[in-house]
Amino acid sequence: MDENSKPRSVLDSLGEEIVRIVTPVSICMLLVVILVSVLNNDSDSSGPSFTSIATVAYNESSSDSNWDKLKGAILNALVFVVVVTAVTFLLVLLFYFRCTKFLKYYMGFSSFLVLGFMGGEICLFLIGKFRIPIDCVTFALSLFNFTVVGVLAVFMSKTAIIITQVYLVVIGVLVAYWFTLLPEWTTWVLLVAMSLYDLAAVLLPGGPLRLLVELAISRDEDIPALVYEARPIINPDSVQRGAVVQRRVWRERRDNDIGSDENLDSRSNLNSTVYSSLESSSGLESLPSIGERTAVDVEDGLVSRSDSELAAPLIQHRINVRMNLQEGPSDDFALEGIGLGSSGAIKLGLGDFIFYSVLVARAAMYDFMTVYACYLAIIAGLGITLMLLAFYQKALPALPVSVLLGVLFYLLTRLLLETFVVQCSINLLMF
Amino acid sequence: MEAAPSNPTHNIISTAPSAAISMNSSVATHRNPLRVDWPTVDGPLGLSEQESVDHARRFFKFGFLLLPWLWAVNCLYFWPVIRRPSSYYHPDLRRYVVRSAIGFAVFAVILSSWALTFSIGGERLFGHVWDKLVMYNVAEKYGLTGWI
């Protein structure tokens, strides 16, 4: 970690950056847990009517034995991962052929679908449940407004940062809620499978996400994807007057040996202070990319796209990942990875938000004790990933550590801790 | 504390370097040529002044497509423009932002009065039409919640 020449202590800037990324993750998880506990009182009976790409191989019913459920879940997860890989490779191909505009528009369209249709449906669920006396004209107008501004906010990069961040979190909440409608065993196996896939895709030399980031670096382009970017910390003393902070690192400073895209380490020498006036005040400097991928739902043969985004020091372009909605909502999860922006602002893919929230929401469907345990596990995993990120200075997958820790803690809590706590409470020993 | 009112200009000049991102300071009543004030609420991360004018104009025009929330977002983004006195920024910029604010206020009043009348008045006021208009009945009638 580089902590030279900072007027503020490393704890201030580093701690604040971490807080700025942990806060939206926590808010997303909280909102999904609230939605789930309010709407899903009958968590086991949602199976039969819900078909999507993730249940195409096996649809869980509560009468199967545990072993059957496990086998079915593994099959489901395998199908899902295969589809995601295929779509990610498709994305790499499209990106290779420079169809960026097409990708951008598709992403805007899919975020429109998420916000409009899924957001609308969840609002209808809430309205129906609480019997809120809102009329259809007001509802339609509000939904229309919300959706259009959301698409603009995520699609264009020039809206207020807070608005963009809020809308990204909302998209994460909506997609995560949709994921919680999957059957239980499938969800858990899917989480583990996706974290393993993320690990492979970002770190292996042939992985699609790694290819994507290398392509983007070599071409100095943005990858169209949904990335949550924390507000960068600006050192007040070093902002000179009249300088608008340039947020595109690459455009300003072209390294001459861009051809060495095999060697990601060479980029670590690239000084990320592109801003004309900003010094590299932040300790966490540039490079690393975030792997992003959106999985799409295949519904009746319709393949949606997945968008992987390894956003290296791009703070500027947060483009949406598109979703293709047919009969059922398609899942689009944006980023499966974590990286650093050029100003040191941390970027986290929307897919990470979504999967963390799915894990915690699934834990909430059992009991709140598992929620606390999983939340702590995920935040700890995120902290570990951030430390690794600062240490290695390259694109890292954000899913594996957190999700595997979270699953482990869920199992331990459910199997061991709960009996302990219940027995203690019954015997009036604690709590 | 007592020194502050007596020499406000001293405060301005001495804090000039860091004043560039102090968005909320409403101390200056004149345009100090040494200061650069950012028109957006994001400060140095936001738009420059020329881009802001285009941005504000575009959002203002888009808002006429029944999008009052867009006007509200526009005002939020250019909050410093509203807060500062009118000669501080480009006149066009301020004009668009203020018009967006007015538009949003008018729309909000109309919409909220309709929504409140609907929800508070209820069946007593509207009769059986209320049941036809209320959202949860509309959703049930058209099966809008069934396809998730």
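Treat the numbers as computed from the prediction; the structure is a model and nothing was measured.

Some details on the overall build of chain B
- Helix and strand counts for chain B stand at nine helices and zero strands.
- A separation threshold of at least 6 residues defines the contact pool for chain B, and within that pool the share at least 24 residues apart is 44%.
- Accessible surface computed for chain B: about 8,100 Å², of which carbon and sulfur atoms make up 66%.

Description of the nonpolar core
- F179(A), M194(A) and Y356(A) are the most contacted members of the largest nonpolar core, which totals 97 residues.
- The next biggest cluster of nonpolar side chains, apart from the first, holds twelve residues, and it includes C136(A), F139(A), L143(A) and V138(B).

Looking at the packing of aromatic side chains
Residue and element names in this part refer to chain A.
- Enumeration according to the criterion identifies 17 aromatic pairs over all chains in this entry.
- Judged by centre distance (5.1 Å) and plane angle (75°), the rings of F391 and Y392 are edge-to-face.
- The ring of F95 carries R219 above its face, with NZ or CZ at 5.3 Å from the centroid.
- The lysine or arginine in question, R414, covers the ring of Y366, its NZ or CZ lying 3.9 Å from the ring centre.

Comments concerning the UniProt feature "transmembrane region" (unreviewed entry) in chain A
Residue and element names in this part refer to chain A.
- Sequence positions flagged by UniProt for "transmembrane region" (unreviewed entry) are, in local numbering, residues 21-39, 73-97, 109-127, 139-155, 160-179, 185-204, 372-392 and 398-417.
- Strand forms 0% of residues 109-127 and helix 100%; the C-alpha atoms that close the span are 26 Å apart.
- The span residues 139-155 shows a helical share of 100% and a strand share of 0%, and its end C-alpha atoms are spaced 24 Å apart.

Looking at unusual backbone geometry
- Positive phi outside glycine occurs at L428(A), with the angle close to 55°.
- Along the polypeptide, L428(A) turns up in the segment after helix 11 (399-426).
- Under the relative-accessibility criterion, L428(A) is labelled exposed at 74%.
- At L66(B), a position not held by glycine, the phi torsion is positive, near 60°.
- Considering the arrangement of structural elements, one finds L66(B) in the loop between helix 4 (49-62) and helix 5 (68-77).
- When its relative accessible area of 46% is taken as the criterion, L66(B) is described as partly exposed.

Here we look at the UniProt feature "transmembrane region" (unreviewed entry) in chain B
All names here are of chain B.
- UniProt records the feature "transmembrane region" (unreviewed entry) for residues 62-82 and 102-122 in the present numbering.
- For the annotated span residues 62-82, helix accounts for 71% and strand for 0% of the residues, and the straight-line distance between the end C-alpha atoms is 20 Å.
- The distance from the first to the last C-alpha atom of residues 102-122 is 30 Å, and the span holds 100% helix and 0% strand.

Side note on the environment of C136(A)
- Residue placement: C136(A) occurs in helix 4 (residues 136-155).
- The exposure class assigned to C136(A) is buried, which follows from its relative accessible area of 18%.
- Beyond its immediate sequence surroundings of up to four residues, C136(A) is in contact with L133(B), M135(B) and V138(B).

Side note on helix 4 of chain B
All names here are of chain B.
- Here helix 4 spans 20 Å end to end across 14 residues, near enough to the 20 Å set by a 1.5 Å rise per residue.
- Among all positions of helix 4, only S52, V53, H55, A56, F59 and F60 are buried.
- Its buried side turned inward, helix 4 meets helix 5 and helix 7 (91-126).

Overview of a nonpolar patch on the surface
- A cluster of nonpolar side chains, L408(A), F409(A), L411(A), L412(A), L415(A) and L416(A), forms an exposed patch at the surface whose accessible area comes to about 560 Å².
- Relative to the helices and strands, L416(A) resides in helix 11.

What about the side chain of D135(A)?
- Note on placement: D135(A) falls in the loop between helix 3 (100-130) and helix 4.
- The charged side chain of D135(A) is buried without a salt bridge, its nearest counter-charge being K141(B) at 14 Å.
- At 2.5 Å, the side chain of D135(A) forms a polar contact with the side chain of T138(A).
- In this structure the side chain of D135(A) is engaged in a polar contact, spanning 2.8 Å, whose partner is the side chain of W114(B).

Re the packing of helix 4 of chain B against helix 5 of chain B
Residues and elements named next belong to chain B.
- Between helix 4 and helix 5, the shortest axis-to-axis distance is 8 Å and the interhelical angle comes to 160°. Taken together, the axes of helix 4 and helix 5 are roughly antiparallel relative to one another. Crossing angle aside, the handedness with which helix 4 passes helix 5 is left-handed. Packed against helix 4, whose contacting residues are H55, A56, F59, F60 and F62, the element helix 5 presents L70, W71, N74 and Y77 at the interface.
- Of the residues contributing to the contact of helix 4 with helix 5, the split by class is seven nonpolar, two polar and no charged.

Here's the deal with helix 5 (residues 161-179) of chain A
- The terminal C-alpha atoms of helix 5 of chain A lie 27 Å apart, and with 19 residues this matches the ideal 27 Å at 1.5 Å per residue to within 8%.
- Most of helix 5 of chain A is tucked away: 16 of the 19 residues are buried.

As for the state of the cysteines
- A complete count under the given rule lists zero disulfides over all chains for this structure.
- Of all cysteine sulfurs in the structure, the one in C136(A) sits closest to C123(A), which takes part in no disulfide; the separation is 15 Å.

Details of the environment of P44(B)
- As for its position among the elements, P44(B) is in the loop between helix 3 (16-19) and helix 4.
- Along the chain, P44(B) and K141(B) lie 97 residues apart, while their C-alpha atoms are 51 Å from each other.

Here we look at the pairing of strand 3 (residues 346-349) of chain A
Residues and elements named next belong to chain A.
- Burial of the side chains of strand 3 extends over both faces: I346 and L348 are buried on one face and K347 and G349 on the other.
- Note: strand 1 (residues 227-229) against strand 3, three bridges, orientation antiparallel. By the bridge assignment for strand 3, V227 is matched with G349.

Quick look at the packing of helix 4 of chain A against helix 5 of chain B
- Taken N-terminus to C-terminus, the directions of helix 4 of chain A and helix 5 of chain B make an angle of 45°; their axes are 8 Å apart at the nearest point. Viewed along their axes, helix 4 of chain A and helix 5 of chain B adopt a mutual orientation that is oblique. When helix 4 of chain A is examined against helix 5 of chain B, the residues N145(A), F146(A), V149(A) and L152(A) are found in contact with a partner set consisting of P68(B), W69(B), L70(B) and V73(B).

With respect to the pattern of salt bridges
Residues and elements named next belong to chain A.
- Tallied over the full model, the rule gives seven salt bridges over all chains.
- Residue D68 pairs with K71 through a salt bridge whose shortest N-O separation is 3.8 Å. Here D68 and its partner K71 are both found in helix 2 (residues 66-96), three residues apart, which amounts to about one turn of the helix.
- For K71, a relative accessible area of 42% translates into the label partly exposed.

Rules and cut-offs
Along every chain, residues carry numbers that run from 1 in the direction the sequence is written. Going through the entries in the order they are written, you letter the chains from A and number the ligands from 1. Reporting of local features is limited, given that this is a predicted model, to residues whose pLDDT is at least 70; pairs of side-chain atoms are given and counted only at 80 or more, and all residues count toward the totals for whole chains, interfaces and linings. Just so you know, side-chain values use all the structure's heavy atoms and leave hydrogens and water out. We count a stretch as a helix when DSSP gives it H or I for four or more residues in a row; a strand needs E for two or more, and each element gets its number in order from the N terminus. Whether two residues touch is decided by their heavy atoms; if any such pair falls within 4.5 Å, the residues are in contact. Accessible surface is estimated by sampling points in the Shrake-Rupley manner with a 1.4 Å probe; for residues, cover comes only from the protein chains shown. Among buried residues, those of type Ala, Val, Leu, Ile, Met, Phe, Trp, Tyr and Cys that are joined through side-chain atoms within 4.5 Å constitute a nonpolar core. Each residue is placed in one exposure class: buried if its accessible area under a 1.4 Å probe, protein chains only, is under 20% of its type's maximum, exposed if it is over 50%, and partly exposed if it falls in between. Each Phe, Tyr or Trp ring (for Trp, its six-membered ring) is paired with any other whose centre lies within 6.5 Å, and the angle between the two planes then decides the class: stacked below 30 degrees, edge-to-face above 60, tilted in between. Any Lys NZ or Arg CZ that is within 6 Å of a ring centre and within 35 degrees of that ring's normal is treated as a charge sitting over the ring. UniProt positions are given in the numbering used here, feature names are shortened, and annotations may be inferred rather than shown by experiment. Expected helix span is taken as 1.5 Å per residue step, with the number of steps being one fewer than the number of residues. Each patch groups residues whose relative accessible area exceeds 30% and which form no salt bridge, using 9 Å between like charges and 5 Å between nonpolar side chains of Val, Leu, Ile, Met, Phe, Trp and Tyr. What makes a salt bridge here is a side-chain nitrogen of Lys or Arg within 4 Å of a carboxyl oxygen of Asp or Glu, nothing more. When charges are counted, neither His nor the chain ends are considered; positive counts come from Lys and Arg and negative counts from Asp and Glu. Within 3.5 Å is the distance limit for a polar contact, defined as a pair of N or O atoms, with the added protein rule that one can donate a hydrogen and the other accept it, and that residues adjacent in sequence qualify only through two side-chain atoms. Interaxial angle, 0 to 180 degrees, is taken between N-to-C directions of lines fitted to C-alpha atoms, where a helix line uses only the stretch in contact. Roughly parallel covers angles under 35 degrees, roughly antiparallel covers those over 145, roughly perpendicular covers 65 to 115, and oblique covers all other angles. Note on convention: near helix rotated counterclockwise from far helix by under a right angle means a left-handed crossing. Clockwise means right-handed. Three residue categories are used. Nonpolar comprises Ala, Val, Leu, Ile, Met, Phe, Trp, Tyr, Cys and Pro, charged comprises Asp, Glu, Lys and Arg, and polar comprises the others, including Gly. For this text, the term disulfide refers to a pair of cysteine sulfurs within 2.5 Å. For two strands to be treated as a pair, DSSP must find at least two bridges joining them.

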